[in-house]
Amino acid sequence: MKSSLTRRDFLKLFSLLPLLSLPLPDLQQQQSPLKLQTPAGQNILIFVFDALSARHMSVYGYPRSTTPNLERFAQGAAVYHSHHSGGNFTTSGTASLLTGVYPWTHRAIHLNGTTLESFNNKNIFSAYPQGGFTCAFTHNLLAEILLQQFRANISLFKRTRELAIDDPEYSDRLFASDYDVSLVSEQLILRGGETKPSSLLGGLLYRFLRLSQKSHMADIYGPQFPRGIPNLDDVYFVLEDAINWLINELPAVQKPYLSYFHILPPHEPYYPRKDFIGRFQDNFIPAAKPPSLFSDGRSDEALNKNRMEYDEYLAYADEEFGRLYDSMLQKGILDNSIVIVTADHGEMFERGIAGHVTPTLYEPVTHIPLLISVPGQTQRRDIYSHTSCVDLLPTLASLSGQPLPSWGEGLVLPGFSADPVQKDRSVFTVEAKSSPKQGPLNKATVALVKGDYKLIYYRGYPKNPMPELYNLSNDPEELQDLAGAQPSVAAALQQEIEDKLRQTHSF
Amino acid sequence: MGIFKSRKVSSADLSLAFGAIAFPIHVWAIINILIIFPAWLLRLSLWELAGAVGYPLLDAFIESAILWIVMAVLALILPGKWLADKFVALSSVLIWLLSAWVALAHFIFASIVQWGPEQMIPALLLVAFSFVLVYGLVQRFARLESWIKKAAQGLAVLTYIYMLFDLLGLVVVVIRNL
């Protein structure tokens, strides 16, 4: 009897290695799938602004007039005043919106990340009936990776580059079957980012080539965009192109449809059109807040300048939305469409931090807008209950007379449910970029909003920050940490978070 | 045809030169892969990780092959004394020098893009001079050529290990795109 492997045996075993990564059969997928279809065959249009904080929108009471067009839209919509994102950046926030579950469940928690494969057929697009038309577009490559993952259920997938003025990405052209991983590699090979480009010569040639291309673009678009041409991850665009495409193509799309449209503004860099620059040179000074333990050391003066630029960019995005809104009104699209306006996450300019790339989960980053207009609605309806982006999928299911999705972690939104509002509803936001995709979230931040309170819970950080407790009813700006003064409230909320992490095998 | 025949580089030298040329390209790629690897480890499955590493390795192989082909073609078309007679030493040392300058350019790229002609022209002259100097030294001193050749032989062994990973990378990339 042979006691050792032969070379042939070894090669046979080696060839089976890739099978290790194949997903285990998902028993939940055996259940009858959810299918969204509104009773009267209404269209569903989901319009997502990237990095739009409700705290910066005049429709929610912000002193600068940043969103006059959304205010017009709100006159015939339900306006949710305590709506929260599932994550604090595009991947996790968008994945929660699309799948109806929190990041600890879908696990799209990293830059360029995807959800677990079990969600390939458990999302808004797959829930739409077969034969029904679905379309999707995003400026943001992180969101595009998710759309690519759900592509089997998207009838018209408008690629980012199709509405960009310049997009050097090659992964989707050369390696479409392996888009998410090849894009990760492409970024390393040509752009580097966290490292230098791994392509020694090609990387340097690429860098010089991009300089030349950017200079050419600046010659063309510079006069309209003096601060810079809107871009992200080396993809350059003007918002007008995407809005024009929607205005021209939406009336012609096969009906009924579900359309997901995710624009980049007001995500950084904040490069508005020329006519918006200088719009908010006022004396507005936001409430002074103490620096966070995770502060980047930015001065209040610098943060206020960032805030002003963000507000200008938001006003520009709002004006473009207004153009789309007017076109939809004029063409009668709103007469037979549910229009949802929301965001994937917010943005903050306080406590020494600008942006949303932060382990903190203060309200400006997690509090996002949600406005829903249904056909025939002529009055604004303000709803103050706590809601989450994971509620969107069950709400659409409810509107279509379907049972709630078996996998979902959300509830039907107040205003669309016959059930009484749950006043003790818990709403979570999760940040876990430094944790593994599989297994416990050993370094993470979780925010829990419940009743009057909000707890921000940190786990696994070297500075070992203590949980922060705020009473959002009395202190919406999160100025006074009550964790020391009300330890029993903090402990109860912390326990709830830890229980939730345990339930989802994340503790 | 006789001219080309006289400038022919032996297959052993071609192979050795490829190993020497591919070495800095691969080392650079591997260092950068290793820097980002812990972040990838968090978010990618084993199979995705293999793909993410496979693409840059494949790119390093292609980049090495292009440089090697350029050197081989130059050896074929230039007079034998210029390159073909000392192909291993000259092609190796010139590519090593090029790699060093390019790596430096990556590190100071943010400064380079701010340079005007008054900085750029002297910098380019310095780079050109370094190539001329190294080329002249190898042509002039046989012992130097011998040392470089020995170094190339040593490094080529390492490169052949990298080639094995390149090959695995190719297989992974092909399977992932099926």
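Here, residues in each chain are numbered from 1, in the same order as that chain's written sequence. Throughout, the order in which chains and ligands are written sets their labels, letters from A for the former and numbers from 1 for the latter. Selection of residues for local features in this predicted model requires a pLDDT of at least 70, selection of side-chain atom pairs for listing and counting requires 80 or more, and totals for whole chains, interfaces and linings are taken over all residues.

Some remarks on the overall build of chain B
Only DSSP runs of H or I covering at least 4 residues are called helices, and only runs of E covering at least 2 are called strands; the numbering of each starts at the N terminus. A count of helices and strands for chain B gives seven helices and zero strands. Taken from the N to the C terminus, the helices and strands of chain B come in the order α-α-α-α-α-α-α. Its C-alpha atoms give chain B principal-axis dimensions of roughly 55 × 45 × 30 Å. Each residue is classified by how many other C-beta atoms fall within 10 Å of its C-beta atom, where C-beta atoms are placed from the backbone; a count of 20 or more means buried, 12 or fewer means exposed, and values in between mean partly exposed. Counting all 178 residues of chain B, 35% fall into the buried class. Two residues form a contact once the distance between their C-beta atoms, set from the backbone, is within 7 Å. Here the analysis covers contacts within chain B between residues at least 6 apart in sequence; of these, 86% occur between residues at least 24 apart.

Structural notes on the overall build of chain A
Within chain A, the regular secondary structure consists of 14 helices and 16 strands. A compact globule built from 507 residues would reach a C-alpha radius of gyration of about 23 Å, and chain A, at 23 Å, matches this within 12%. With respect to the principal axes defined by its C-alpha atoms, chain A has extents near 85 × 60 × 55 Å. Burial status across chain A gives 50% buried among its 507 residues. Considering only contacts in chain A between residues 6 or more positions apart, those separated by 24 or more positions represent 68%. For this measure, only C-alpha atoms enter the radius of gyration; the expected value for a globule follows 2.2 Å times N^0.38, where N is the number of residues.

Quick look at the sheet that holds strand β13 (residues 426–431) of chain A
All names here are of chain A. Pairing between strands requires that DSSP locate at least two bridges from one strand to the other. Pairing is antiparallel in the open sheet, where four strands are placed in the order β13-β14-β15-β16. Only two strands of the sheet have a single partner each, and these edge strands are β13 and β16 (468–471). Each adjacent strand pair in this sheet contributes to an overall mean axis angle of 15°, direction not counted. Where strand β15 (residues 453–459) lies against β16, four bridges are found, and the strand directions are antiparallel. Axis lines are fitted through C-alpha atoms, for helices just across the contact stretch, and the angle between N-to-C directions can take any value from 0 to 180 degrees.

Structural notes on the domain arrangement of chain A
Residues and elements named next belong to chain A. By convention here, the domain bounds are inherited from an automatic or database domain assignment. Looking at chain A, the domain boundaries give domain 1 (53–163 + 232–424) and domain 2 (166–228). Taken over C-alpha atoms, the centre of domain 1 sits 26 Å from the centre of domain 2. Taken residue by residue, the interface counts 18 residues in domain 1 and 18 residues in domain 2. Within the residue set of the side of domain 1 that touches domain 2, elements represented by two or more residues are α6 (141–149) and β6 (235–236). Among the elements that line the side of domain 1 that touches domain 2, the one with the most residues is α6, at four residues.

A short note on the interface of chain B and chain A
Facing the 30 residues of chain B at the interface are 31 residues of chain A. Here the side of chain B that touches chain A gets 10 residues from one element, more than from any other, and that element is helix α2 (residues 11–43) of chain B. Ten residues, namely Ala, Val, Leu, Ile, Met, Phe, Trp, Tyr, Cys and Pro, are considered nonpolar, four, namely Asp, Glu, Lys and Arg, are considered charged, and the remaining ones, Gly among them, are considered polar. In the side of chain B that touches chain A, the residues fall into 19 nonpolar, six polar and five charged.

What about the sheet that holds strand β2 (residues 78–84) of chain A?
One key point about sheets: their strands pair by backbone hydrogen bonds, in either a parallel or an antiparallel sense. Residue and element names in this part refer to chain A. Taken in spatial order, the eight strands make up an open sheet running β4-β3-β7-β1-β8-β11-β2-β12, and their pairing is mixed. The outermost strands of the open sheet, each flanked by one partner alone, are β4 (156–158) and β12 (381–388). Here the strands of the sheet are splayed against their neighbours by 15° on average, with no regard to which way each runs. Where strand β3 (residues 133–138) lies against strand β7 (residues 257–263), six bridges are found, and the strand directions are parallel. Directly across from C135, in β7, lies its bridge partner S259. Packing against the sheet, α6 makes contact with β3, β4 and β7, and its axis sits at approximately 155° to β3.

A few points about helix α14 (residues 487–503) of chain A
Three or four residues apart is the spacing at which side chains of an α-helix point the same way, because the helix has 3.6 residues per turn. All names here are of chain A. Expected span of a helix: the number of residues minus one, times 1.5 Å. Spanning 17 residues, α14 covers 24 Å between terminal C-alpha atoms, matching the ideal 24 Å at 1.5 Å per step. Listed as buried for α14 are A490, L493, I497 and L501. Buried residues of α14, seen end-on, are gathered within an arc of 85° and therefore sit on one face of the element. In α14, those exposed residues whose orientation departs by more than 90 degrees from the buried face are S488, Q495, D499, R502 and Q503. Regarding the arc, it is the one traced by the directions from the helix axis to the C-beta atoms.

Concerning the pairing of β13 of chain A
Side-chain direction in a regular strand flips from residue to residue, so the side chains alternate between the two faces of the sheet. Residue and element names in this part refer to chain A. By the criterion of burial, β13 is predominantly enclosed, with five of the six residues buried. Relative to strand β14 (residues 444–450), β13 runs antiparallel, the two sharing six bridges. Counterpart to V427 in the pairing with β14 is V449.

Looking at the packing of α2 of chain B against helix α7 (residues 142–176) of chain B
Residue and element names in this part refer to chain B. Where α2 meets α7, the axes come as close as 7 Å, and the angle between the chain directions of the two elements is 65°. Comparing the axis directions of α2 and α7 gives the class roughly perpendicular. Seen along the crossing, α2 lies across α7 with a hand that is left-handed. From α2, L16, G19, A20, A22, F23 and H26 reach across to α7, where they touch A152, Q153, L155, A156, L158, T159, Y160 and Y162. Tallied by class, residues from the contact of α2 with α7 come to 10 nonpolar, four polar and no charged. Comment on the angle field: the value is read as roughly parallel under 35 degrees, roughly antiparallel over 145, roughly perpendicular from 65 to 115, and oblique elsewhere. It is the rotation of the near helix from the far one that decides the hand of a crossing: anticlockwise by less than a right angle makes it left-handed, clockwise makes it right-handed.

Digging into the environment of G41 of chain A
All names here are of chain A. Examined against the element boundaries, G41 turns out to sit in the loop between α1 (7–15) and β1 (43–49). On the basis of neighbour count, G41 is assigned to the exposed category, with 11 C-beta atoms found within 10 Å. Along the sequence, G41 and P256 sit 215 residues apart, while their C-alpha atoms lie 5.6 Å from each other.

A few points about the environment of A302 of chain A
Relative to the assigned elements, A302 of chain A resides in helix α11 (residues 300–330). As a C-alpha pair, A302 of chain A and F349 of chain A span 47 residues in sequence and 9.0 Å in three-dimensional space.

Digging into the confidence of the model for chain B
All names here are of chain B. Every residue gets a pLDDT, meaning the predictor's confidence in that residue, from 0 to 100. Scored by pLDDT, chain B has a mean of 92; 96% of the residues are at 70 or more. Mean pLDDT across the secondary structure elements of chain B bottoms out at helix α1 (residues 2–6), with 58, and peaks at helix α4 (residues 87–107), with 96. Quick note on the complex model: pTM equals 0.85, ipTM equals 0.93.

Examining the packing of helix α8 (residues 179–191) of chain A against helix α3 (residues 46–77) of chain B
Axis separation between α8 of chain A and α3 of chain B bottoms out at 9 Å; the angle between their running directions is 40°. Relative to α3 of chain B, the element α8 of chain A is oriented oblique. The way α8 of chain A lies across α3 of chain B gives a crossing that is right-handed. For the pair α8 of chain A and α3 of chain B, the contacting residues are V181, S182, V184, S185, L188 and I189 of chain A in the first and E48, G51, A52, Y55, P56 and D59 of chain B in the second. Here the residues of the contact of α8 of chain A with α3 of chain B sort into seven nonpolar, three polar and two charged.

Regarding the nonpolar core
One finds I340 and L371 of chain A together with A17, A20 and I21 of chain B to be the most contacted residues of the largest nonpolar core, which totals 173 residues. It is α3 of chain B that contributes the most residues to this core, 13 residues altogether. Among the domains, domain 1 (53–163 + 232–424) and domain 2 (166–228) of chain A are the pair contributing at least three residues each to this core. With residues up to four places along the chain from it excluded, the contact list for I21 of chain B reads S64, L67, W68, M71, S91, S92 and I95 of chain B. The nonpolar core criterion groups buried Ala, Val, Leu, Ile, Met, Phe, Trp, Tyr and Cys residues into a set whenever they are joined through C-beta atoms within 7 Å.

A look at the environment of W82 of chain B
By the secondary structure assignment, W82 of chain B is in the loop between α3 and α4. Along the chain, W82 of chain B and I35 of chain B lie 47 residues apart, while their C-alpha atoms are 40 Å from each other.

Remarks on the confidence of the model for chain A
Residues and elements named next belong to chain A. Looking at chain A as a whole, its pLDDT mean stands at 90, while 92% of the residues score no less than 70. Across residues 1–5 the pLDDT falls below 50, and counting only partners more than four positions away or on other chains, this stretch makes one contact in the model. Across residues 10–32 the pLDDT falls below 50, and counting only partners more than four positions away or on other chains, this stretch makes 16 contacts in the model.

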